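Descriptive analysis of the structure
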Amino acid sequence: MANGVLVFAEQRDGAFKKGTLEAISEGRRIANQLGTNLSAVVVGSGVAGLAGEAASYGADVVYVADSAALANYSTDGYAKAFADAVADAQPAVILASASSMGRDLAPRVAARLDIGLASDITETKVEGGKLSAVRPMYAGKAFATVEFNRAPAFVTLRPNVFPIAAPEAGRTPEVKNLGGVVVDGPQAKVTDILAAAKGKIELTEASVVVSGGRGIKGPENYHLIQSLADAFGGAAGASRAVVDAGWVDHSHQVGQTGKTVSPSLYIACGISGAIQHLAGMSSSKFIVAINKDPEAPIFKIADYGIVGDLFEVVPKLTEQARALRS
Ligand SMILES: Cc1cc2nc3c(=O)[nH]c(=O)nc-3n(C[C@H](O)[C@H](O)[C@H](O)COP(=O)(O)OP(=O)(O)OC[C@H]3O[C@@H](n4cnc5c(N)ncnc54)[C@H](O)[C@@H]3O)c2cc1C
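Quick summary incoming for the structure in this document.

Rules of the game
Throughout this document, residue positions are counted from 1 along each chain, in the order its sequence is written. Local features in this predicted model are restricted to residues whose pLDDT is 70 or higher, and side-chain atom pairs enter the listing and the counts only when it is 80 or higher, whereas totals over whole chains, interfaces and linings include all residues. Excluding hydrogens and water, the side-chain figures rest on all heavy atoms present in the structure. Nearness is defined per residue: one heavy atom within 4 Å of the molecule or strand is enough. The definition of a polar contact used here is a pair of N or O atoms within 3.5 Å, where within protein one atom must be able to donate a hydrogen and the other to accept one, and adjacent residues in sequence count solely through side-chain atom pairs. Per-residue and other accessible areas were derived by the Shrake-Rupley procedure at a 1.4 Å probe size, with only the shown protein chains allowed to occlude residues. The definitions used throughout rest on a 1 Å grid laid over the protein atoms alone, on which a cavity is an enclosed set of points accommodating a 1.4 Å probe that cannot get out and a pocket is an open set flanked by protein within 12 Å on both sides along at least five of seven lines; lining residues are those having an atom within 4 Å of a point. Throughout, a molecule is located in a cavity or pocket provided that more than half of its atoms lie within 2 Å of its grid points. Helix and strand definitions here come from DSSP, where helices need a minimum of 4 consecutive H or I residues and strands a minimum of 2 consecutive E residues; each element is numbered from the N-terminal end. In this classification, Asp, Glu, Lys and Arg are treated as charged, Ala, Val, Leu, Ile, Met, Phe, Trp, Tyr, Cys and Pro as nonpolar, and every other residue, Gly included, as polar. Only protein chains enter the accessibility calculation, which uses a 1.4 Å probe; a residue is then buried when its area is under 20% of its type maximum, exposed when over 50%, and partly exposed in between. Joining through side-chain atoms within 4.5 Å is the link that ties buried Ala, Val, Leu, Ile, Met, Phe, Trp, Tyr and Cys residues into a set, and such a set is a nonpolar core. Any two residues whose heavy atoms approach within 4.5 Å are treated as being in contact.

**Remarks on the site of the ligand**
Every one of the 26 residues lining the ligand counts as a neighbour, but Arg214, Ser239, Thr257, Ser272 and Asn291 are closest to it. Thr257 has a polar side-chain atom sitting 2.6 Å from a nitrogen atom of the ligand. The protein chains hide 77% of the 990 Å² of surface that the ligand would expose on its own. Judged by the proximity of its atoms to the pocket grid, the ligand belongs to the second largest pocket. Of all the secondary structure elements, the ones that give two or more residues to the shell around the ligand are helix 6 (240-244), helix 7 (275-278) and helix 9 (310-325). For the shell around the ligand, the class distribution of residues is 6 nonpolar, 14 polar and 6 charged.

Put into structure tokens, the structure is as follows:
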């Protein structure tokens, strides 16, 4: 019988992503409510040492697939290792972060196991020994509670929504080695990963995101957005209008066809608030809009609004934010 909770513990360059710690922490909370144990699966090369960290956030058992062939992410190799861990653990609940990797991997694993998947959820509920999950729909205008007809219940968690538990030192996990994980003829092979901007905070993980829209007028002014983001120790995003115009790279795009972010603070500068943009940021905890048009739709979902010219407002905010942080 299905039992236990299993978390896919995503790592990059030998370190857990923030979303992984969120997923393990949430996995622990669910396992406690179900009165069961928590397993984590770590895949990569030279990653065996991460088992202890997974345990400190609540994992009782850690599956490790450690091989040079898994150094770079590949859907086939990682899906195989993930599915092998599921086959052994026979969990009732499976969690992964809805990161870029999680979004690629989870549907593949769900299809392999012939089970359902609720993606990008923002809340979990345990009732009568069963998990249900809340997922935003229609660009965050509606919330659906999803139940699972049969085990395991598989969900991916929207990054930055679930709190990270305080790590507990001295917990030792049971480590289960999944071996080398041999994949027959992988269909795609990642040969190299180029970091776009070293040292920059990943948009989906930042607790403050400042985004610029068409109101910034041109690429030469995007530095205003970046400076405000830097002043808060956050990340800079953009609307699709800005990306389509070639002013910034697509990796900055927030929205339906870009990234979904849920920071503590989202500052929209010169963004009108089209539904496709809201789809990517409406679950932010506090939304501040700066727009010279008082009728701009973005003000309808903003917690705080500044009606004004961003070229005057943004530098002043940046100055204040820098002063506060120093
Ligand atoms: C299938 C599909 C998918 C899409 N996916 C996305 C997506 O992922 N993300 C996304 O963002 N969009 C997406 N879009 C596009 C979306 O519909 C809008 O066109 C886009 O979000 C508009 O970007 P914007 O708000 O920057 O520009 P605009 O709508 O042109 O708004 C610019 C705003 O700047 C304000 N402004 C101008 N000058 C100043 C100033 N000096 N100071 C202050 N304010 C100023 C204006 O009042 C205006 O409100 C998608 C569209 C489709 C059809």
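**Comments concerning the side chain of Arg28**
Residue position: Arg28 is located in helix 1 (residues 18-34). Judged by its relative accessible area of 17%, Arg28 is buried.

**A few points about the nonpolar core**
Membership of the largest hydrophobic core comes to 32 residues, with the highest contact counts inside it found for Leu95 and Val155. Per-element tally for this core: the top contributor is helix 1, with 5 residues. With residues near it in sequence (within four places) discarded, Val155 still touches Ile94, Leu95, Ala96, Leu117, Ala118, Ile121, Leu131, Ala133 and Phe148. The next biggest cluster of nonpolar side chains, apart from the first, holds 25 residues, and it includes Leu6, Val41, Ala79 and Ile115.

**Focus: unusual backbone geometry**
Cis rather than trans, the peptide bond between Ala151 and Pro152 has omega equal to -5°. Here Pro152 shows up in the loop between strand 10 (142-147) and strand 11 (153-157). Unusually for a residue other than glycine, Asp13 sits at a positive phi of about 50°. The residue Asp13 is located in the loop between strand 2 (11-12) and strand 3 (15-16) in this model. Residue Asp13 is classed as exposed on the basis of its relative accessible area, which comes to 83%. For Asn160, which is not glycine, the phi torsion reads 75° and is therefore positive. Topologically, Asn160 is positioned in the loop between strand 11 and strand 12 (174-177). Taking relative accessible area as the criterion, Asn160 reaches 11% and is therefore assigned buried.

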